[in-house]
Structure formats: structure tokens, C-alpha cells
Amino acid sequence: MSTSFDSYQPIGLQRHRPRARAQYRIRRETLVRILLSAIFYISLWRATGMWYGLPADFQEGVGKDPMPMRLLLMSLVPLIGLYCLLEPRRVVELLRSASPLLGIVCLCVFLSIAFSVSVTASIRALVAVALLTAGPLLYRARYGAVDTFESLAKFAIATAFINILYTAAFPRFAVMRGSYAGMVKGAFYHKNMLGQFSAINFILLLPALPMWRLRYYDLLRWAAMLLYLVLIVLAKSSTAIILLSIGIAVYYGMSWIQRFPGRIFRSFVVLLAFALLGFVVSVALMGVAQAIAESFGKDLTLSGRTNVWEQLLPLIYERPLTGWGFALFRQPDIMEQYVRLTWDAQSTHNTYIELALNMGIPATIIWTSFVVVRLVAKMTSSPLNRALAITKRKEVVIILLILIGAFTEAGMMLAPFILWPHTVIALSSLGPEFLSRFRKPNQAGAQHASG
């Protein structure tokens, strides 16, 4: 007869020990979910910069972050640190799975900071970008693409109603004055931000699955989409209308591309589609773009942006390798030093020029190549799961619209800007195989449905 200690333990203690361990796992999982959700939504809100009482005249408040926005950003430091303590293995695996191209870009960024005209400003910007990158990426690595996009959709629904209600309640702040008089900016700094945000979120809210039975949540979703269309019109953003048109065409065009068998053939179709799109844009859509711009009292030179670019391009060749310093040309005082116009130019109005000025030509080429490679890879993939396939379409649209919008707006990439968290999530290539490393065999299969 056995005389081991275990044989003399109370039966009740042996019976309830597995249940206690299961309850501990449930409590820990709940804690991680709450923590990551807080990090995720704080990152999204901070990136938008939405707040009460932002001045209606853009010139009055440019470059000034309200104190609550700074506090939101700093709150991410302890929250992300706590998550790293709770799941260090997942964080390490996430770092190990990063593309070598990203490592080269990071090296170029540090080099640009070393030669920055204002090291302090560059370091502050790098910290902001890093924090707003970590939150969405950790959430994406934990819950997969489908769940992450569903959480993005919930945030998009909330912000649509927030901006409409804010505009109705506080028109003295939400409707711009000065040179943009009468254009709605909502709770954002500028009406262009509201336009871009609305265009991307409209695509984001397109239903992921066929709706055989309409739920209250679906009604909220469609109502938010309608509100975003209203906000685009009220913002009088010609860029947003063009981006929205392209986004809808690409979204439904992707459903056609995904039906072709074989990745090589889909790659050929994608290249052909790019060539056709370039021809259509250069020949046919230029007239449409001109008509849209003229309807808002503008021209196809996009409100004098070309005059800004003519003065900025020579600066790139003065420091072609390292640039002037990471995120330096996001500072209004720097723009005032180098750009002389009849109106105050507070932005480069072109992300590619801005990146070249900030961190040099090589880093800009490497980063752009990384984004384009990810875009083509996602366009040529064809997941078997329907929800994941539709999510991939939305990722493609977001990346493509960011690449297109970057030609006319600054801060679309590698900046603590409204759409940076969306871009991070869309660029992520973490698939079911990454998530399955941290699951039991019977749970790993479920992750293939979420990506």
C-alpha cells in the first residue's frame, strides 16, 4: 500500500485543484483582455487627437497638444510595461518575427536622430510613434486580424456619433473659421483629418459577413457609415471623396481577384490591375478629380501644395542620407524657417517628401518598399475563411489609401497621426501560425478563423 503524502491529502482538495487552476487562467485571461483593450483604445483615441475646445481657426492651435492628450500618451508606458511582464514570451516572439527591412528602417531613424537639428524634438516624436505602434500591434498579435478589425469597427462607430453630436453641440469649435470658414472639423484639429478618418472608417465598417438577419449592432454600423458620408461632405474634403471612391472600387475589386486560383496567377492579375488603374487615373479620373476640387473652390494643384514642395525639395539634397532629424518637419517652427509663401505653410503636405526630409532618401525608399511588398502580398493572398478574406480586403484598402493619400498629406506614415494605428494593424503579417504558438492543440485551429 502506498504511503506517499498525496495518498493522505483530503479528497476535496484534490478534486478542486484543477478547478482552481482553471479559475486562475480565466482571471488572468480577463485581466489581459482588459489591459490590452485599454491600451488599444487609448492608442486609437490619442492618435486622432480629438478633444473638446480645439480652436476653430487652425492657426491658433497648430502644434499644441492639449494636456489630456499628453497624459493619454504617457499612460501607455505603464500599461504596455505591465503587459510585457504578464506575457513576455509573446512580446519576444513578436520582436523576433519582425521583418529585416524594419530593422534597417529603425537603424536609419536612430542615425537621423544622431544628426538631428533638434535631438530632443526627434526623440519625443520617436517615443510617441513607438507607443502608438506597440498598442495596436500587441492587440493584433494577441487576438488576430478579424477580432482586431471588429474592435476598430466599434471605435469607428463611436467616433462617428461623437463627431456629429460634438458638431451639433459646439459649432463654435467644430466649424472652422479663417481661410477654411464653414468647413466642419468636428472634434479634430483640422477638417482634412476628419475627411481622411471618415473615408477610411467608411471602408472599415463595410459588413464583414452577409446579414441574413439585421441586428441592432448592424443598424448602428449602417448609421455610422451614413454619418461618415455626411461628415465628408460637411468637411468639404475633395481628397477624402477621391480616397473613398478608390477605396470602394478596390474593396470590391479584391473580391474578384481573390477568386482566381493560384498565387502566381493572382499576382499577374494584381500587376495588370495596377497598370490599368494607373492608366485610368492618368487619363480619365484626372478630369473627375478636377471637377471635385472645383466644386469645393479648389484646383488640381491641391490648394497651393506644389508651391510648398518646390521650396522643400532642394532641402532633401542638402542632407540626402540622414535627413534633418526624425519627425523634425512636423514642427511648425521648422516649416516657418524654410518655407516662404503668402500664407503660413504648417505642413509639407506630402508624406514622402516629409520622410525624406526627416530621415533621408535611403530610409524613405526602404520603408516605402516594405509597405508596397506587404500590400502586394496581401493582395495576392486568398484565405479560405470568409471573414479573414474580407478582413484582408480591408487591410489592402487601408494600405493603398495611405500610400495614395501620402502624396497630398503629411504624417500619413511613421508619425503619431490619426491613421497610424490603422496602418500598423493593416501592415501586420501575423497569421494563424503565430497565434497558434501560444495555444493548446485543440485551440490552435480556432485561430485560423481570426488570422
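What counts, and at which threshold
- Residues numbered from 1 in each chain as written.
- Predicted model: local features only at pLDDT ≥ 70, side-chain atom pairs only at ≥ 80, totals over all residues.
- Heavy atoms only, no water.
- UniProt positions renumbered as here; feature names shortened; annotations may be inferred.
- Core = buried A, V, L, I, M, F, W, Y, C linked by side-chain atoms within 4.5 Å.
- Buried < 20%, exposed > 50% of the residue type's maximum accessible area, 1.4 Å probe, protein only.
- Helix = DSSP H or I, 4+ residues; strand = E, 2+ residues; numbered from the N terminus.
- Contact = heavy atoms within 4.5 Å.
- Phe/Tyr/Trp six-rings, centres within 6.5 Å; stacked < 30°, edge-to-face > 60°.
- Lys NZ or Arg CZ within 6 Å of the ring centre and 35° of its normal.

In the annotation of an unreviewed UniProt entry, the protein chain is listed under the name O-antigen ligase and assigned to Rhizobium laguerreae. Listed under Subcellular location (unreviewed entry) in UniProt, the entry text for the protein chain is "Membrane".

Draft legend 1. Region of the structure containing the nonpolar core. Among the nonpolar cores identified, the biggest contains 106 residues, and Trp 367 and Met 413 are the most heavily contacted of them. A per-element tally of this core places helix α6 (residues 119–169) first, with 17 residues. In this structure, Trp 367 is in contact with Leu 102, Val 105, Leu 355, Met 413, Leu 414, Trp 420 and Leu 427, ignoring residues within four places of it in sequence. Membership of the second largest hydrophobic core comes to 15 residues, among which are Ala 121, Leu 312, Trp 324 and Ala 356.

Draft legend 2. Examining the packing of aromatic side chains more closely. This structure, assessed with the given rule, holds 17 aromatic pairs. When the ring of Trp 324 is compared with that of Tyr 338, the centres are 5.4 Å apart and the planes differ by 55 degrees; the resulting orientation is tilted. With Trp 324 in the loop between α12 (305–318) and α13 (332–338) and Tyr 338 in helix α13, this pair connects stretches of sequence that are 14 residues apart. Take Trp 324: its relative accessible area is 8%, and that puts it in the buried class. With a relative accessible area of 26%, Tyr 338 lands in the partly exposed category. Relative to Tyr 338, the ring of Phe 329 lies with its centre 5.8 Å away and its plane at 35 degrees, an arrangement referred to as tilted. On the basis of relative accessibility, which here comes to 1%, the residue Phe 329 falls in the buried class. An aromatic cluster of at least three residues, connected via ring pairs, comprises Phe 40, Tyr 41, Trp 45, Tyr 139, Tyr 143 and Phe 155. The cationic tip of Arg 33 hangs over the ring face of Tyr 143; the distance from NZ or CZ to the ring centre is 4.0 Å.

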